[in-house]
Each structure stands twice: as structure tokens, then as C-alpha cells.
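Descriptive structure summary
If you want the building blocks of each chain, they are given just below.
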Amino acid sequence: MKKRSPLFFFLLPSVVSVSIFFALPVILTGVLSFTGMDYSFKWNFVGIQNYIDMIGDFMISTVVKNTFVYVFFTLLLFNLGTALLLALFTTTVSDRAGGFFRTIWMLPRLTPSVVYGLMWIWAFDPTDYGLVNIARKLLFGLPPQNWLQSDPMLIIVVANGFVGASFGMILFTSAIKSIPRDYLYAARVDGGSWFFTVRKVILPMIKWQILFVTAYQTLSLLTSFEYIYIITDGGPAFATEVWALYTYHSAFQDFRFGYGAALSMVLVGIGIVSALFYLKFFRFKEMIKEPRIEVDS
Amino acid sequence: MVSIRVENLKKYFRKVKAVDDISFEVKNGEFMALLGPSGCGKTTTLLTLAGIYKPTSGKIFFGDYLVNDVQPRDRNIGMVFQSYALYPHMSVYDNISFPLKAKGSKKREFHDRVVNIVEKLGIGHLLDRKPSEISGGQQQRVALARALIKEPQIFLLDEPLSNLDARLRVMMRAEIKKLQNDLRITTVYVTHDQVEALTMADRIAVFSNGKIMQIGDPEEIYNRPQNIFVAQFIGNPPMNFVEAEIKEVEGITFAVSKNLKIRIDDTLKPYLKNLNSPNVIVGIRPEDIKIYKNKELNRDLTEGILYVIEPLGRDEIYNVKVGESLLKVITEEKLKIGVGERVYCEFDAKKVHIFDRESEISIRR
Amino acid sequence: MNEYKLTFWQMKKEKITKAIIITILIVITLPIILTYTWLVLASFSTDMKYGIIPVKLTLHNWRFLWKSIEGYPPIWQVFFNTLILALSVMGLEVFATILGGYALSRFKFRMRETLLKIVLVIHAFPSISLLVAIYYILKITGLIDTLTGVILLKASLEIPWGIWIMKGFYDQIPWEVEFAGLVDGYSRVQVWRKVILPLVKPGIAVAGIFSFLSGWSEFVFINTFILSQNTWTLSTYVKAIIGDFRFVDYGLLTSISLFYIIPTIIFFIFANKYLLRVNITGTKG
């Protein structure tokens, strides 16, 4: 007699929970975006009114501009730039020193967001109690500046960047470490400088990782707002209001759930497009090996 | 004990034909080796016998029972793996008794059996160690003990010696053979090492690309290879092959090529009718060629140039260039010939193998 | 033959390059080191010289441990909420992923490839974009403003990540070990429980620790789906305190923050070797 495969029970908890909190919300977000739902939670369908509103929303242009600036600079300067620099530098020095610096850079990622936010609030404290103002005073003798007023976007980019850099750093480091040593030795024996080796040997060999980090981090930056919410809450005067945060404010501050859902759909759409991209990027067939057991119970 | 019968077994992985329509039988108590290069389907066959894989088609019988749908745990087999596959988190004792616990036996019931088998295999002092704390040879013995403790009716071994160093391998070869001989347990042994197969097995099945090329006892496999694949796979250094044509000159039959002429012995002549065309491949083992420094009369000698000598200690391999082809000759005699000098080869006409060039099958099929 | 000659620069280049690289590394890492140093020092000090050198040591900042701050719930209640959240998330996630990871790593079934793709995709999918819909789901199931709701949500959203991690650990176990178990007389479930599960203990530890920390640090979901102070966790507590005391009482802010990140620090000190290897697939920021 054939018994029921235990496979069902192995998959059950994951499938159920993921269906409820992933699959269902994706569909629900789509449906909600066609309603004018507010805090009374009534289903009043309004067709594509939310999307029409979105085009007419005077905030959208600011939000799009902010989002672009935020994503572009964080990505370029930190998630790629600093990440690459850290990976290259820490693999050049001794393993111990390299490991030490990489470990330090993991700290922000592990720290709860509110605490991490607090540290940047202190660093950019408007009085000469804050780190940046102290440094300016000691180094250049300049008076304290109110950074949160004058350069809020800078703070946001830096704060997010110090968390984001470690992602690329780790991927790049492991990619660099897996380059066969012979290539590096050959480049050195052939008389190449460090820059030569990096440019002609290392970078071409980790270009896939660079592409992947770019794509992956673009998506996560587009949809992230946690640190911004904690540090500036979009302010002052919407100077750091990015798309994800605007979505959040629309839904949970203004209680325009329908409109919030419509704004979310833009992110969901970007997410789905990126997902398709990942599936293309990952050489999926290579990654999953066929299971070698054909015993069911 | 029990016999194994495999009928038209096929095992495909998607489009890859890992095992492609094979049939063979292992008699009660017999030691059968499945021999072939890697990727030839021999391990797949073994895992299908174990029930880990299900056949794509075909039948497997253990005794009179069709076991296609029987779970591995109900097949009453003992198995040893290439990596030994000891459970890393269990002590040697727990590893060996693990199959007995599956049947719900208690320690007081099986303790004597464990002691008995570890004494026999000389690993009694290791019982409390973890697999990572013992040597490869000891791990091998633990794996044997684990496979044999439940007194299985079929014993399956998958390249069990290939992870050992050369010296230990030779030792364990004899030991496993003795063990099998004592227990008279039906055994299927997978290996890519022809020496293991030839020295240990009662019979050998030679695999290539998912098919069985020949089944026979070691003597047969070595002396009467059925096809080119078996002929060149078995024997070290491998058999020499020369393309030739069968011709009759003055009533004597020769295999003739541009640079050499090999007389066909009378014992082989009846088989020549199996040929479709005179185009053949002649095979001759390195030990069946004799090498001379001087041209001697009354012998069929082939002239060549000594290309290089490979000394092997007791024997020497002479590489002789005859026309375009390089012949390997192995001999115990130490000839005083320098590289580049002229030598003369004589082929042992009785030991010549002739294959149809088209089908690559021996005329002595 | 030319004379063999090396310039000073050629002889010292290697060392000089390394020194420059180390210097640059120190400079760019300095902000992290300084902010964390400040966090620790400020919590034990009344005033700071140059913002970072403690002037007078005190425990006054830690008064919140025995005396509630006015208008805020007692710290220990908040602490236990956080602990329950983190432990529950950990428990649920480990439970689901040791099962799911095994199924996707070792079982052969028709939907396997599709499921693996789904796991991969939603692991990268911005769950934050689903907040509105999730709010509605929690609302109609009566789970809004409950810790249970956030626990179920948080665990569910972490499961794809956990499955991926666990699958990686399962994948590393040699197939032959599993073959051996099957041949030795056990069913697949028995082999999983007696042989395979003990071998993926490191994976369970990794999935467990990371999901604990992730639950411990959770902010957005608590902030969005929890309304009453009684159900606050340390993240919302600290956020509220920052809101009220920023630029005013850094001593209090830093000591509460430090109290909050103790588990993180403990983990960081003991497990930093594994950190760099495992966190690659866990994403944030």
C-alpha cells in the first residue's frame, strides 16, 4: 500500500504562512488600490481614481526627485563605492586586519534601527556636542551647523550607506577571495601595480557580483524608509520624503489606505520586475541540484 | 541468502540515460563486480538495487520477489559507501548498532552482536570514538561492521576502497574478499579499478555508457574480451591496437597493415567467418609481444624503433614505434637497447585478438 | 649582464601601499567606531568633553531600570514583550524552516523548482510595500494591536530567508549519509530526525539567532500595527523616548539604547566569525 508522502507536512507550515502574509497581501494591495478605503475600512470601489490622483498629486514630483537622489547617491557612494573599496582593501591587507574591518562594518546592520538612528542623530547634532560639528571645530575651527536643517538628505544617505555598504562588501569579498590565486600572482609577476591588478584582473572577474548588488540594492533602497522615518521622518518640509515613506504616511498618517495601496503597487511592480530579473540572473539550473533520493516515505 | 535478477533495467534522469536496458543475474552467494569508468551507470545500478532510485522501467528480483516498489529499509541489504557515510554525530558503537535500533532492539539484546563483529574486524578499541577521530582505514571497517551487523542477505559496496591509500587498499582488498568468502553473502561490488574487480570478484560486469559490455569471470574478461571497449579497459598497460586487413598469402592468413604483418593462428581461423569485411582491428597485449635486439631467422618479426623505456622495477615497458603506431611491450627481460635503436617484435599468434572494425566486436563472440 | 638594481621605492612599495590602505580603512571606519564608543561612554557619564570623552561617571542614566519614566510603561514590561516577540519569532521560524528547508533540499517532487523560485523571489521581495494590505488582514482577523499578530507576521516574512539558509545547510550533507540511513532500516522521516537534523544544528543556530535578533530589533511592524503602550516593545519605546528627549538627555537615550542592544552585542562578540559568512543572504538596508 502506498502511504501518504510526508512531504506535505514538511511544506505545510511554510506554505500556509507565506500564503497568508505574502501572496494574499500582494493580491489585496492590488484590489485595495482601486478603493477609496479609509479608517472606516469600507470597500468603496473608485476605479482608477487613486492612480489619477497620483498623477495630479503635487507631492509626487518632490517625492520622485528625493527618491532618485537618495537611491542614486546611497547606491553609488556606499552600497557600491564603499562596498567595493572595503572589499578590495580588506582583501589586500592581512586576513586578520581585513576580517576586523569587515566585522566592524557588520555592526550597523545588526543594530536595531532605532538605536542606529539615534547614533546618527547624535553625530549630526546641531550643537557642538555632535560628532560632525566637533570634528569641524577641531579640524577647521568652524562653528556648529544645524545639519538636520541644512543637509537632511546628506544625513539620510550617510546613515543608510553605512548599513548598506556591508552587503556588497561581503559579496565582493567572497567573490574576490574565490578568484584563483594564480591570476593574481600572474598579474603581479607581470609587473602590474595594485591598481593594474584591480582594474584588469579583479574588477572584470567580479562584474556579475557588481551587477547583482546594483540591482538588488536598488530595489531594497527604493523600498526602504525605516531609517529615514526614524531620523528625519521625511522632514524638514518633505526634503527627505521618499516614495516608500510617502506611501507609509499616506496610509498610516493620513489613513488613505486606498491611495497608500496604489502608491504601494508601484513598489510591488518594481519588485516583480526585479524578481524576474533575479530569476534570469541566477543560473537557476546550476544552483539547484536534483535530489538523489526517490524514496517517498 | 538470495539471488539477484535484473531484467531490462532502465534508469533515466530526465533525458540522460544513466542505465540503458541492462540485464544480469547474481547467483546466491556470488561476488559480482560492476566495473567501468566513472559515469558509466554502475553506481546508479547499485543505488537502484538498494531502492534509493526507482527504475524507469525493468524489473529487479531478489529471489522470487519483485522488489521494484520495496522501500530500502525492507530490502534487507547491507551497504558500504565510497565516503563510508558514517553518521558524524554518533560514536562508533552507535553507528554500528544503528541498523539494529531500527528494528527496535534494545541494547542488552544487541550488545553481544556488536562486540562480536567489532572483534572480528579489529575495531573493538574504537567504540567510544567519533568517526572524525579515527583513520580512514578504521572508518572503512566501521562501515563494514555497520553494513553487516544486521546480517543482511545482500551486500552492496560502492567503490569502498577508493578513498584509501594504496597500501591499505591492497590489504582491505584481501580482507573484504575473505569476509565475503566466510559469510557467503550475495555481493555486488562497484569499482572503477580493474585490479579490484579481477582479484576479488567471481564474475565481472563491465559497464560503459549505461550498458553492460560483457559479463564473465575474470579469466574470460581478460583473455576473451568481447569487444574493443572491454579489451582496452582491462589490462595495464592497455592492449595495443592496430588497424589491419585480413589477407591470405600462400595459404597462410595474415592481418596486414602498412608496417606489419601478423600471422593468424589456426585456432582463430574458424572465427573469421564472423567478419563482414576484411577490415579489422588487431589487439595484442603488451605481454604477448616479444622483443629482440637482432633480426633472427625463421621468425615473423616486425621491425620498429625503440621510442622510450619505462622501467617498472621488476618489469620494463618498451615503447616501440612501428610506422605511425606506438606499441607497448612489457617484459621481465632487461634488454640492452638504447632509445632510437632498431628492434624487432614478435607477436604471439595464439594471443591475438581480432575485432570487426565496424562493430568493434570480437570475432570470438 | 646588467647589474641588478632596485630603487628605494621598488623595495618599499609593498609596505607603503599596505600602510596607506590601512590608514584609509581606519578613516572610513572611524564614524562607526566613534558612534558606538559614544553610545557606551555617554550612558555612564553626566557630561562629555568634545562630545566623546566622559567627564564624570554616573549610573544616574540607568535609573529607568528601577524607576519608570513618567508617561512611559515600565521598562521590564516592555522588555518582556520584546523577549516574547523575539523568542516566538525564533521558534516559529526555526520550526517552519527546518521542515521547509529539508523538503526543498532533499525531496523530489514536481513543484520543487517552482517553489524554489518562489522562495528566491519573495526572499528579495520588498515586504514593506505590503504594509497596507497586511494592516487590513490583521484588522479583520482581530490581530491588530496584538503581539501575536506581529509575531505571526514577522515570522512569516522571515521564513523564505530561513528556508534559504536551512536549505543551504541541508544541501551540504552528503547524500550517502542519507542513503545509509535508508538502507539501515529507517523511513525518510526517521532518517531526517535521527541523522540529518543533528547534522544541521549549526544551521538551526544560525536561523535561530538571526530570527531572534530580527524579532528583537523589529520596529516598523510594531510601530504600525501596535497602538497601545502596553504592547510596546523596546524599539517603539526607544523611538518614543528619542522623540521626547532628543538633544536633551543623551545620557538617558544612550543607556536605554545600550540596554536594548545587549543581546545584539553578546551575539556580535561571540559569533562575529560566522557573521560574515552567513549574513550574505539576509538583507536589509
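Residues numbered from 1 in each chain as written. Chains lettered and ligands numbered in written order. Predicted model: local features only at pLDDT ≥ 70, side-chain atom pairs only at ≥ 80, totals over all residues.

Topic: the overall build of chain B
When its secondary structure is counted, chain B shows eight helices and 20 strands. Along the first, second and third principal axes, the C-alpha atoms of chain B reach 80 × 45 × 35 Å. Across the 365 residues in chain B, those meeting the buried criterion constitute 39%. Long-range pairs, those at least 24 residues apart, make up 66% of the contacts in chain B between residues at least 6 apart in sequence. (Helix = DSSP H or I, 4+ residues; strand = E, 2+ residues; numbered from the N terminus. Buried ≥ 20, exposed ≤ 12 C-beta atoms within 10 Å, placed from the backbone. Contact = placed C-beta atoms within 7 Å.)

Notes on the overall build of chain A
Helix and strand counts for chain A stand at 15 helices and zero strands. With 297 residues in all, chain A has 44% of them scored as buried. Within chain A, contacts between residues at least 6 apart in sequence are counted, and of these 66% link residues at least 24 apart.

Things to note about the domain arrangement of chain B
Residue and element names in this part refer to chain B. Along its sequence, chain B is organised into domain 1 (4-232) and domain 2 (233-356). One C-alpha centre belongs to domain 1, the other to domain 2; they are set 39 Å apart. Domain 1 puts eleven residues into the contact, and the matching count from domain 2 is nine residues. The dominant element in the side of domain 1 that touches domain 2, judged by the number of residues it contributes, is helix α8 (residues 228-233), at five residues. Among the residues forming the side of domain 1 that touches domain 2, the class breakdown is eight nonpolar, three polar and no charged. (Domains from an automatic or database assignment. Nonpolar A, V, L, I, M, F, W, Y, C, P; charged D, E, K, R; others polar.)

Observations concerning the nonpolar core
Residues L156 and V206 of chain B are the most contacted members of the largest nonpolar core, which totals 254 residues. Excluding residues within four positions of it along the chain, L156 of chain B makes contact with L46, L49, A50, I77, M79 and V188 of chain B. (Core = buried A, V, L, I, M, F, W, Y, C linked by C-beta atoms within 7 Å.)

Things to note about helix α6 (residues 175-183) of chain C
Three- or four-residue spacings in an α-helix give side chains the same orientation, since the helix completes a turn every 3.6 residues. Among the nine residues of α6 of chain C, seven are classified as buried, and the element is accordingly described as predominantly covered. Within the sequence span of α6 of chain C, burial applies to E176, E178, F179, A180, G181, L182 and V183 of chain C. Looking at the buried side of α6 of chain C, the elements it contacts are α1 (42-50) and β6 (77-80) of chain B together with α7 (188-199) of chain C. Count one or two residues on from α6 of chain C and you reach G185 of chain C, which has phi positive near 110 degrees.

Some remarks on the interface of chain C and chain A
The interface is formed by 86 residues belonging to chain C together with 87 residues belonging to chain A. It is helix α1 (residues 8-43) of chain C that contributes the most residues to the side of chain C that touches chain A, 16 residues altogether. In the side of chain C that touches chain A, the residues fall into 58 nonpolar, 17 polar and eleven charged.

Comments concerning the sheet that holds strand β2 (residues 16-26) of chain B
All names here are of chain B. Overall, antiparallel pairing links the four strands, which are arranged β2-β1-β4-β5 in an open sheet. Edge positions in the sheet fall to β2 and β5 (65-66), since each has one partner strand and no second. With two bridges joining them, strand β4 (residues 57-62) and β5 adopt antiparallel strand pairing. Considered in β5, the bridge of F61 is made with L66. The sheet contacts of α1 involve β1 (4-13), β2 and β4, and relative to β2 the element is tilted by about 65 degrees. (Pairing = 2+ DSSP bridges. Axes fitted to C-alpha atoms, helices over the stretch in contact; angles between N-to-C directions.)

Side note on the packing of helix α3 (residues 58-92) of chain A against helix α8 (residues 152-177) of chain A
All names here are of chain A. One way to put it is that α3 packs onto α8 with a least axis distance of 6 Å and a crossing angle of 40 degrees. Viewed along their axes, α3 and α8 adopt a mutual orientation that is oblique. For the pair α3 and α8, the crossing hand works out as right-handed. Along the lines of polarity and charge, the residues of the contact of α3 with α8 split into 19 nonpolar, ten polar and one charged. (Parallel < 35°, antiparallel > 145°, perpendicular 65-115°, else oblique. Left-handed = near helix turned anticlockwise from the far one by under 90°.)

As for helix α4 (residues 95-110) of chain A
With 16 residues, α4 of chain A ought to run about 22 Å at 1.5 Å a step, and its terminal C-alpha atoms sit 22 Å apart, in line with that. Within the span of α4 of chain A, buried status applies to G98, R102, W105, L107, P108, R109 and L110 of chain A. (Expected span 1.5 Å × (residues − 1).)

Brief notes about the interface of chain A and chain B
Residue-level contacts link four residues of chain A with seven residues of chain B. Here the side of chain A that touches chain B is composed, by residue class, of two nonpolar, no polar and two charged.

With respect to the environment of K351 of chain B
Residues and elements named next belong to chain B. With respect to the helices and strands, K351 occurs in the loop between β19 (342-347) and β20 (353-356). Residue K351 is classed as partly exposed on the basis of its 14 C-beta neighbours within 10 Å. Distance in space between the C-alpha atoms of K351 and T191 is 27 Å, their sequence separation being 160 residues.

Here's the deal with unusual backbone geometry
Residues and elements named next belong to chain B. P237 follows N236 through a cis peptide bond whose omega is -5 degrees. When you line up the elements, P237 lands in the loop between α8 and β11 (240-249). For D21, which is not glycine, the phi torsion reads 60 degrees and is therefore positive. Locating D21 in the fold gives a position in strand β2.

Some thoughts on the sheet that holds strand β10 (residues 211-216) of chain B
Residue and element names in this part refer to chain B. What the six strands build is an open sheet, ordered β6-β7-β8-β3-β9-β10; its pairing is mixed. Two strands close off the open sheet at either side, each with one partner strand: β6 and β10. Direction aside, neighbouring strands of the sheet carry axes that sit 15 degrees apart on average. Packed onto the sheet, helix α4 (residues 136-148) meets β6 and β7 (154-158) and runs at close to 170 degrees relative to β6.

Concerning the packing of helix α5 (residues 113-123) of chain A against helix α11 (residues 250-260) of chain C
At a minimum axis separation of 10 Å, α5 of chain A and α11 of chain C run at an interaxial angle of 150 degrees. Between α5 of chain A and α11 of chain C, the interaxial angle falls into the category roughly antiparallel. Of the two possible hands of crossing, α5 of chain A and α11 of chain C adopt the one that is left-handed. Here V115, L118 and W122 of chain A of α5 of chain A come into contact with α11 of chain C, specifically with Y250, L253, S257 and Y260 of chain C. Looking at side-chain class alone, the contact of α5 of chain A with α11 of chain C contains six nonpolar, one polar and no charged residues.

What to know about the pairing of strand β12 (residues 252-256) of chain B
All names here are of chain B. The pairing of β11 with β12 spans five bridges and is antiparallel. Of the residues in β12, the one forming a bridge with E248 is T253. The hairpin formed by β11 and β12 contains two residues between the paired strands, and E250 there has a positive phi angle of roughly 50 degrees. The pairing of β12 with strand β13 (residues 261-263) spans three bridges and is classified as antiparallel. Across the sheet, residue V256 finds its bridge partner in β13, namely K261. From the end of β12 to the start of β13, which pair antiparallel, there are four residues.

Considering the pairing of strand β8 (residues 186-191) of chain B
Residues and elements named next belong to chain B. Counting buried positions along β8 gives six out of six residues, so the element sits mostly inside the fold. Looking at chain direction, strand β3 (residues 31-35) and β8 are connected through five bridges and run parallel. Residue pairing for β8: L35 is matched across the bridge by T191. Two elements, β7 and β8, share five bridges in a ladder whose sense is parallel. In the sheet register, F155 faces β8, and the bridge partner there is T187. Handedness of the β7-helix α5 (residues 166-183)-β8 crossover: right-handed. (Right-handed = clockwise from strand over helix to strand, strands pointing away.)

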